[in-house]
Amino acid sequence: VPASTNSRHTRPTLLVSRLYQPSNLRDVGQDSRSQGEMTCKSQRLMLQAGLIHPSNAGCYYYLPATVRSMEKLMRIIDEEMQGIGGQKLDMPSLCSAELWKTSERWDLMGKELLRLKDRHGVSYCLAPTHEEAVTTLVAHQTTLSYKQLPLLLYQITRKFRDEPKPKFGLLRGREFYMKDMYSFDVSEEAAYQTYEAVCHAYTRLFARLGLRCIQVQADTGNIGGKLSHEFQLPADIGEDRLLVCGNCSFSANVETMSSDSTDCPQCKTGTLVESKGIEVGHTFYLGKKYSDLFNATFSNAQNKPSVAEMGCFGLGVTRILAAAIEVMSTEEAIRWPGLLAPYQVCVLPPKKGSKIDQVAVLAEELVHTLGETLPGLRGEVVLDDRTQMTFGKRLKDANILGYPYVIVVGQRALEETPRFEVICQQTGETMFLSQDGLLDLL
Ligand code: ATP
Ligand code: MG
Ligand code: MG
Ligand code: MG
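An unreviewed UniProt entry lists the chain under the name Probable proline--tRNA ligase, mitochondrial, with Dicentrarchus labrax given as the organism. The Function (unreviewed entry) field of the UniProt record for the chain holds the comment "Mitochondrial aminoacyl-tRNA synthetase that catalyzes the specific attachment of the proline amino acid (aa) to the homologous transfer RNA (tRNA), further participating in protein synthesis. The reaction occurs in a two steps: proline is first activated by ATP to form Pro-AMP and then transferred to the acceptor end of tRNA(Pro)." In its Subcellular location (unreviewed entry) section, the UniProt entry covering the chain states "Mitochondrion matrix".

Written out as structure tokens, the structure reads:
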């Protein structure tokens, strides 16, 4: 833990000079050239701010600030999934070819499936999704009773897809984090209820993050099944084309439309307007496709074996993070959903050698007061101790990194009622507050 050695405090101070955030601005061009990747704003900003570092094509090091942000996102996803009864598990990434041949996806997935053989010559894939695996798991339990359904199992793990064109940084990687949930129900009706519950949880999740997200009818692709929706963040660099009716609730991915006429197929009077979106989530009602194949049954009320009705529900964890940065940031500065910012507050003491060196002590005191008074800020406040740099330079860095709050501790901190300059980066607003005012604000 980067820390100062101030022993008066139990918690070490988080110092900006010690945070591992190597800027990769130099490599941005190189990254895109050497890997033939297309770049976008979120990718450039994340490289510049030391949030990610390129590895192989479509693979990145997630640096510490990104991991902090991802862990926050995962915690919120956990709350929402567990709020509707989801139970978290973790399945192997190495999946046997046998399972994938049973579902015929070993051939259907083509080159996107990353395949390998072990030392005994047995074939595997690195899982791009886990329908086969989870259904096999549930089928294994022969004592599953209708009383235990709905059963909602989910995980947040790395997925592997040999994308033909990895691009836009974390938006389309070959290795990425996905939350995938699988549901098992007693009947089609019950499965639809579960489907609705998950869609509501997704809507709540994006609302909590402050991200505008639209739910559109979607293609079921090679996953199979009858009903499907995508959750899309409107953005110009999005790769999906969406049609939204100006008159009724109809919205769909163009892929689902048989004609591209601009007349709304639902209300018949409205006109469809096209826009672009980034797919951040996808829900599927699967029916019995996998449960039939792998024999995932439960004993029904008559104590007879019955095949479970299934659904599957994906969220692109790393994609949500990059997409949020993409839609919220300016060209020069990162802006985060408040809940996902790696650190909430950055405190700036004055430049070293200035006549107000005692202010530096006040700044460090402030960091501790914030952490101790406001439990929500524990471990969330950093001190920009690079006091060889001017306020201006450090403020510029803080602006690029997008801490929700930046507190400048300057001359006014020495006045009888000390005042701190607080910049709220989401709104760009600057306020001069007393310590109590500051605590109220935060
Ligand atoms: P896309 O159309 O963008 O290729 P998909 O439809 O193939 O995505 P799904 O199989 O529906 O993806 O997977 C569930 C979620 O996983 C997606 O909604 C998306 O958020 C995320 N995801 C899929 N592929 C990637 C990828 N290559 N990199 C990052 N996230 C991804
Ligand atoms: Mg895909
Ligand atoms: Mg898609
Ligand atoms: Mg999809």
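Having seen the model, we can carry on.
Trainee: How would you summarise the environment of threonine 142 if you had to cite specific residues and measurements?
Mentor: Relative to the helices and strands, threonine 142 resides in the loop between helix 6 (131-140) and strand 8 (151-160). Owing to 10 C-beta atoms within 10 Å, threonine 142 belongs among the exposed residues under this scheme.

Trainee: Quick rundown of the packing of helix 3 (residues 64-83) against helix 9 (residues 317-328)? Include the residues and the values.
Mentor: Running from N to C, helix 3 and helix 9 cross one another at 115°; their axes reach a closest spacing of 10 Å. Regarding the angle of helix 3 to helix 9, the classification is roughly perpendicular. Here helix 3 and helix 9 pass one another in a crossing that is right-handed. Contacts from Ser69, Met70, Leu73 and Met74 of helix 3 reach helix 9 at Val317, Ile320 and Leu321. Taken together, the residues of the contact of helix 3 with helix 9 sort by class into six nonpolar, one polar and no charged.

Trainee: Give me the lowdown on the sheet that holds strand 7 (residues 123-126), citing residues and values where you can.
Mentor: What the three strands build is an open sheet, ordered 5-7-6; its pairing is antiparallel. Looking along the sheet, the strands with just one partner apiece sit at the ends: strand 5 (94-96) and strand 6 (114-117). For this sheet the average axis-to-axis angle between neighbouring strands, irrespective of direction, equals 40°. Inspection of the sheet shows strand 5 paired to strand 7 by three bridges, in the antiparallel sense. Among the inter-strand pairings, cysteine 95 is bridged to a residue of strand 7, identified as cysteine 125.

Trainee: Before we move on, could you go through the packing of helix 3 against helix 7 (residues 188-209) and cite the residues and values that matter?
Mentor: Close contact between helix 3 and helix 7 brings their axes to 10 Å; oriented N to C, the two are set at 150°. Relative to helix 7, helix 3 is oriented roughly antiparallel. Crossing hand, helix 3 versus helix 7: right-handed. When helix 3 is examined against helix 7, the residues Ile76, Ile77, Glu80, Met81 and Gly83 are found in contact with a partner set consisting of Ala201, Arg204, Leu205 and Arg208.

Trainee: Explain the sheet that holds strand 18 (residues 345-348) to me, using residue names and the numbers behind them.
Mentor: In space, the six strands of this open sheet follow the order 1-19-18-20-21-22, with mixed pairing throughout. The outermost strands of the open sheet, each flanked by one partner alone, are strand 1 (14-15) and strand 22 (429-433). Taken together, the five bridges between strand 21 (residues 420-424) and strand 22 define a ladder with antiparallel strand orientation. Counted as the bridge partner of cysteine 424 is glutamate 429 from strand 22. On top of the sheet, helix 10 (residues 358-373) reaches strand 18, strand 19 (381-383) and strand 20 (405-408); it is set at about 170° to strand 19, its chief contact. Against the sheet, helix 11 (residues 391-401) makes contact with strand 18 and strand 20, and its axis sits at roughly 175° relative to strand 18, the strand it touches most.

Trainee: Residue-level account of unusual backbone geometry, with values.
Mentor: With an omega of 0°, the peptide bond running from leucine 149 to proline 150 counts as cis. Along the chain, proline 150 falls in the loop between helix 6 and strand 8. Phi angles above zero are rare outside glycine, and lysine 268 is one such case at about 70°. The backbone of asparagine 295 sits at a positive phi, close to 60°, despite the residue not being glycine. Secondary-structure assignment places asparagine 295 in the loop between helix 8 (289-294) and strand 15 (297-299).

Trainee: Can you explain the site of ligand 1? Please cite residues and give values.
Mentor: What surrounds ligand 1 is a group of 15 residues, the closest being Phe176, His282, Gly314, Gly316 and Arg319. Among the elements of the structure, strand 9 (175-185), strand 14 (272-287), strand 17 (309-316) and helix 9 are those that each provide at least two residues to the shell around ligand 1. Considering each element in turn, the shell around ligand 1 owes the most residues, four residues, to strand 14. Here the shell around ligand 1 is built from residues that sort into three nonpolar, seven polar and five charged.

Trainee: How would you summarise helix 11 if you had to cite specific residues and measurements?
Mentor: Among the residues making up helix 11, those that are buried are Arg394, Ala398 and Leu401. All buried residues of helix 11 lie within an arc of 65° about the axis, which places them on one face of the element. One or two positions beyond helix 11, positive phi appears at glycine 402, with a value near 75°.

Trainee: Now, about the pairing of strand 18: what can you tell me, with residues and values included?
Mentor: Residues Val345 and Val347 of strand 18 are buried on one face, and the alternating residues Cys346 and Leu348, pointing to the opposite face, are buried as well. As defined by bridge partners, strand 18 adjoins strand 19 across three bridges and the pair is classed as parallel. Within the sheet, the bridge partner assigned to valine 345 lies in strand 19 and is valine 381. Of the pairings in the sheet, the one linking strand 18 to strand 20 comprises four bridges and is parallel in character. Note that in strand 20 the partner of valine 345 across the bridge is tyrosine 405.

Trainee: Break down the nonpolar core for me, with residues and values.
Mentor: One finds Leu321, Val347 and Ile407 to be the most contacted residues of the largest nonpolar core, which totals 99 residues. No other element matches the eight residues that helix 9 contributes to this core. Apart from the residues lying within four places of it in its own chain, the contact partners of isoleucine 407 are Val345, Val347, Leu348, Leu366, Phe420 and Val422. Formed by nine residues, the second largest nonpolar core is a distinct cluster that contains Val216, Ala218, Leu242 and Leu272.

Trainee: Help me get a handle on the confidence of the model for the chain, residues and values and all.
Mentor: Taken as a whole, the chain shows an average pLDDT of 92; of its residues, 93% reach a score of 70 or greater. We note a pTM of 0.94 for the whole complex and an ipTM of 0.99 for its interfaces.

Cut-offs and rules
Residue positions are given per chain, counting from 1 as you read along its sequence in written order. Following the order in which they are written, the chains are lettered starting with A and the ligands numbered starting with 1. Whole-chain, interface and lining totals are the exception, using all residues; otherwise, since this is a predicted model, local features are given only for residues with pLDDT of at least 70 and side-chain atom pairs are given and counted only at 80 or more. UniProt positions are given in the numbering used here, feature names are shortened, and annotations may be inferred rather than shown by experiment. Helix and strand assignments follow DSSP, with helices taken as H or I runs no shorter than four residues and strands as E runs no shorter than two, numbered in order from the N terminus. Residues with at least 20 other C-beta atoms within 10 Å of their own are called buried, those with 12 or fewer are called exposed, and the rest are partly exposed. The C-beta atoms themselves are positioned from the backbone. Helix axes are fitted to C-alpha atoms over the stretch in contact, other axes to C-alpha atoms as well, and angles between N-to-C directions run from 0 to 180 degrees. When an angle is under 35 degrees it counts as roughly parallel; over 145 it counts as roughly antiparallel; between 65 and 115 it counts as roughly perpendicular; any other value is oblique. By the definition used in this description, the sense in which the near helix is turned from the far one sets the handedness, with an anticlockwise turn below a right angle giving left-handed and a clockwise turn giving right-handed. Contact between two residues is assigned when their C-beta atoms, built from the backbone, lie within 7 Å. When residues are grouped by polarity, Ala, Val, Leu, Ile, Met, Phe, Trp, Tyr, Cys and Pro land in nonpolar, Asp, Glu, Lys and Arg in charged, and all others, Gly among them, in polar. Here, strands pair whenever DSSP counts at least two bridges between them. For each residue, a C-beta atom is placed from the backbone, and the residue is labelled near a molecule or strand when this atom is within 6 Å of it. By construction, the arc corresponds to the directions joining the helix axis to the C-beta atoms. The nonpolar core is taken to be a set of buried Ala, Val, Leu, Ile, Met, Phe, Trp, Tyr and Cys residues joined by way of C-beta atoms within 7 Å. In predicted models, pLDDT denotes the confidence assigned by the predictor to each residue on a 0 to 100 scale.

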